[in-house]
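Examination of the molecular architecture
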Amino acid sequence: MDRTALDLWVGIFVVAGLAALSVLALKVGNLSSYNMSETYQLQAYFSNIGGLKSQASIKSSGVLIGRVAMISLDPERYEAKVTMNIDKRYHFPKDTFANILTSGLLGEQYIGMIPGGDTELLKAGDEIKKTQSALVMEDLIGKFLYSKADEPKQPAK
Amino acid sequence: MPPQALVEIQNVNFAYGNRPILKGVNLSLPKGKVIAVMGGSGCGKTTLLRLIGGALRPSSGQVKVDGQVIHELDHNKLYLMRRKMGMLFQFGALFTDMSVYDNVAFQMREHTDLPEEIIRDLVLMKLHAVGLHGTHHLMPAELSGGMARRVALARAVALDPMLIMYDEPFAGLDPISLTVVGNLIRRLNDALGATSIVVTHDVQESLKIVDYIYFIADGVIVAEGAPDEIRSSSKPFVHQFVHGEMDGPVPFHYPGGNYQQDLGLRT
Amino acid sequence: MIGLTKKLRSIGHHVVDAVWRTGYAARFFFLILLYSGTSFQRFRLTVKELFSSGVMSLIIILVAGMFVGMVLGLQGYETLKRYGSESALGSLVALSLVRELGPVLAALLFASRAGSAMTAEIGLMKATEQISAMEMMAINPIARVVGPRFWAGVISMPLLSALFSAMGVFGGYVVGVVLIGVDQGSFWSQMQAAVDFQHDILNGVIKSVVFGVAVTAIALFEGYDAPPTAEGVSGATTRTVVQSSLAILILDFMLTAFMFQGD
């Protein structure tokens, strides 16, 4: 095999491989849909995060605006502390609601942000005070059963 | 024999595991000479070359090349020493994925910073020396056995070594190639001012070209002498070997017990 | 009684032999890394091996990837249809390729295509005394012959695996969208929503690099350690394919457990 022909083929191989990798990253993966470098962080405490995981999406009005960066248990409050990376382009009022929601009936869990009416905006490192925990199926069923039990019995006829 | 010896093997023992190969071998290789080491198959001839090249360590005794004890050299010094040695392997051992040109140029490229034009001239010279000018573009698979051996010879002397070792240079060659290779061994040795050691079992060819011969059998040197002495030797082993007789000190039969008894015949 | 001692002795012998070989293999691997300088200082040597391991495996990788993707599309569609979630076909195809099938199948193909060739090549070089000749020329065969092949394998593997996955996704697209008629928009959007760059693609790349190291190291060791005979080399070639396939599957389990646990 000629020297240059060999180089050419190896070149084609490497370029094709890298191209395939970038196709995977951009077209198949979600690298194009958000840029991690331009984010700021917010914190929120939840009494129960359910099945929320790091890298879970954060949405507002259904639009992806960030990702969960870290989840830990606050040792003093005994609540889950969730650190979020939010896209720099979006800012929210101080009284924004952070809810843990489920996409579909059995889908992944994500954080939904519902903006309030405050004029002051959340700054990097701030805490979202108003949160709503995940709905846990067992609790729901439990509540339902209790409420049934508490209902006054129908008077017998 | 002149006192100045390039290779001195002193009382060397060597064993593979429990199997002794060499038992107290003494041998010396004077500068500028071509010597042959002969013996039947598997008598430790190749082992001897490996000991000189530092690929194996003797169990006891020492091998000195150019005044240095080979097995005491560290890795770098051994590699420096090997640059001054050339070796022709049994079937040439040409690099099959490289052309004839690249094979001969291999060591020059690896060990020197010579520019490619000079390497080219050197390669063509070496190929011319073995009578193969014009073959540089061929691949080893396209060469006949004799040609491949000559290319390997050109490669072995690529860096003008002070010591050239030949491991069965005549094995599997037709009579013409055999004479050619034999003459090349002698001519290259004298032209380069090198010293050569030929390990072979081809008696007639080596008697024509070498200065001194050692016979090895069962790991010991059983006879030695100049070609004329060997030809006229009356020692039974040498006589059998030189004349290729079937039976003698080296028996035709494997020592396999009593044949007639094994056949169930009475003895 | 004598039979038993004999048996015990042979078992002991095998164990000692295996331990000895493991140590030898580890030392060989260490030497490859130690003498890797040559592979990068004289990158031409590595480029040459990239051709014989990477470029020569290209066709089989592309064709196999395409068909694996098409099968995934077909089977995935049949299964997802039962739950009425055909739109998830894209994420199913992409996730299974990027996380598992791409790295694993590409590595298995690489082991049988390039790994066995490496073993045979080095084994033959040894059998025809080319390795000894190199040593006698004061050239370290591990630096000159083994190192470039090792690094070429390690570089090729992630590229081949990416090509395999990309072709697979394309194959899945052809079957799912073009032939069956799954909605194109939901195919891609579901895929992009499910596949995370760091978590899935990067981990897939890491896997394939690990497999590349394992396959080439096994192939080169088997070639270098092969008895210098025709049977020795053919046995070593078989061992390369068997051992590296097992290594790939075992490593895949370990890496998957490590990467995708918990979150």
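The coordinates are above.
Keep in mind it's a predicted model, so treat the numbers as computed, not measured.

**Description of the interface of chain B and chain C**
- The partner chain C presents 19 residues to the 23 residues of chain B that form the contact.
- Carbon and sulfur atoms make up 58% of the surface buried where chain B meets chain C, a total of about 1800 Å² over both sides.
- The tally of links from chain B across to chain C stands at four salt bridges.
- Of the charged contacts, one joins Glu110(B) and Arg42(C) as a salt bridge, the two residues approaching to 3.0 Å between their closest N and O atoms.
- On inspection of chain B and its partner chain C, the count reaches six residue pairs in polar contact (both at pLDDT 80 or more).

**Considerations on the packing of aromatic side chains**
- This structure, assessed with the given rule, holds 14 aromatic pairs over all chains.
- Each ring, one from Phe95(B) and one from Phe106(B), has its centre 4.7 Å from the other, and the planes form 55 degrees; the classification is tilted. Highlighted residues: Phe95(B) in the loop between strand 6 (85-88) and helix 3 (100-111) and Phe106(B) in helix 3, separated in sequence by 11 residues.
- Residue classification places Phe106(B) among the buried positions, given a relative accessible area of 3%.
- Aromatic side chains Tyr212(B) and Tyr214(B) sit 5.4 Å apart centroid to centroid with 65 degrees between the ring planes, which places their arrangement in the edge-to-face category.
- One aromatic cluster is present, formed by Trp20(C), Tyr24(C), Phe28(C), Phe221(C) and Tyr224(C) through successive ring pairs.
- The side chain of Arg77(A) reaches across the aromatic face of Tyr45(A), ending 3.8 Å from its centre.
- Positioned above the aromatic ring of Phe95(B), the side-chain terminus of Arg155(B) is 4.6 Å from the ring centre.

**Let's talk about the sheet that holds strand 1 (residues 5-16) of chain B**
All names here are of chain B.
- One open sheet accounts for four strands, arranged 2-1-4-5; its pairing is antiparallel. Looking at the sheet topology across the chains shown, the edges are occupied by strand 2 (19-30) and strand 5 (68-69).
- The strands touched by helix 1 (residues 45-53) are strand 1, strand 2 and strand 4 (60-65); relative to strand 1, the strand with the most contacts, the crossing angle is about 115 degrees.

**Topic: the interface of chain C and chain A**
- Listed by partner, the interface residues are 29 residues for chain C and 25 residues for chain A.
- Each partner contributes to the roughly 2400 Å² buried at the junction of chain C and chain A, and carbon and sulfur atoms together form 77% of this total.
- Run the count over chain C and chain A and you get one salt bridge.
- The partner of Arg44(C) in a salt bridge is Asp7(A), and the shortest N-O contact between them spans 3.3 Å.
- Along the contact surface separating chain C from chain A lie one residue pair in polar contact (both at pLDDT 80 or more).
- Secondary-structure elements contributing two or more residues to the side of chain C that touches chain A are helix 3 (43-53), helix 5 (89-127), helix 7 (141-180), helix 8 (184-194) and helix 9 (197-225) of chain C.

Cut-offs used in this document
Here the residue numbers are simple positions, counted from 1 along each chain's written sequence. Throughout, the order in which chains and ligands are written sets their labels, letters from A for the former and numbers from 1 for the latter. Local features in a predicted model are, by the rule used here, given only for residues with pLDDT of at least 70; side-chain atom pairs are given and counted only at 80 or more, and totals for whole chains, interfaces and linings are based on all residues. Values shown for side chains rest on all heavy atoms present in the structure; no hydrogens or waters enter the calculation. Residues count as neighbours in contact if any of their non-hydrogen atoms are within 4.5 Å of one another. Simply put, the buried area is the total loss of 1.4 Å probe accessible area from both parts when two parts are fitted together. Definition used for salt bridges: Asp or Glu carboxyl oxygen within 4 Å of a side-chain nitrogen of Lys or Arg. For the purposes of these results, a polar contact is taken to be a pair of N or O atoms within 3.5 Å, where, inside protein, one atom must be able to donate a hydrogen and its partner to accept one; residues adjacent in sequence count only when each atom of the pair is a side-chain atom. Working definition: rings of Phe, Tyr and Trp (its six-membered ring) pair if their centres are within 6.5 Å, and the pair is stacked with planes under 30 degrees apart, edge-to-face with planes over 60 apart, and tilted otherwise. Here a helix means four or more residues in a row that DSSP labels H or I, a strand means two or more in a row labelled E, and each is numbered from the N terminus. Summary of the burial criterion: residues with accessible area below 20% of their type's maximum are buried, those above 50% are exposed, and those between are partly exposed, where the area comes from a 1.4 Å probe applied to protein chains only. We call a charge positioned above a ring when the Lys NZ or Arg CZ atom is no farther than 6 Å from the ring centre and deviates by at most 35 degrees from the ring normal. Strands pair, by our definition, only if DSSP identifies at least two bridges between them. Under this scheme, a helix contributes an axis fitted over its contacting stretch, all axes are lines through C-alpha atoms, and angles between N-to-C directions fall in the 0 to 180 degree range.

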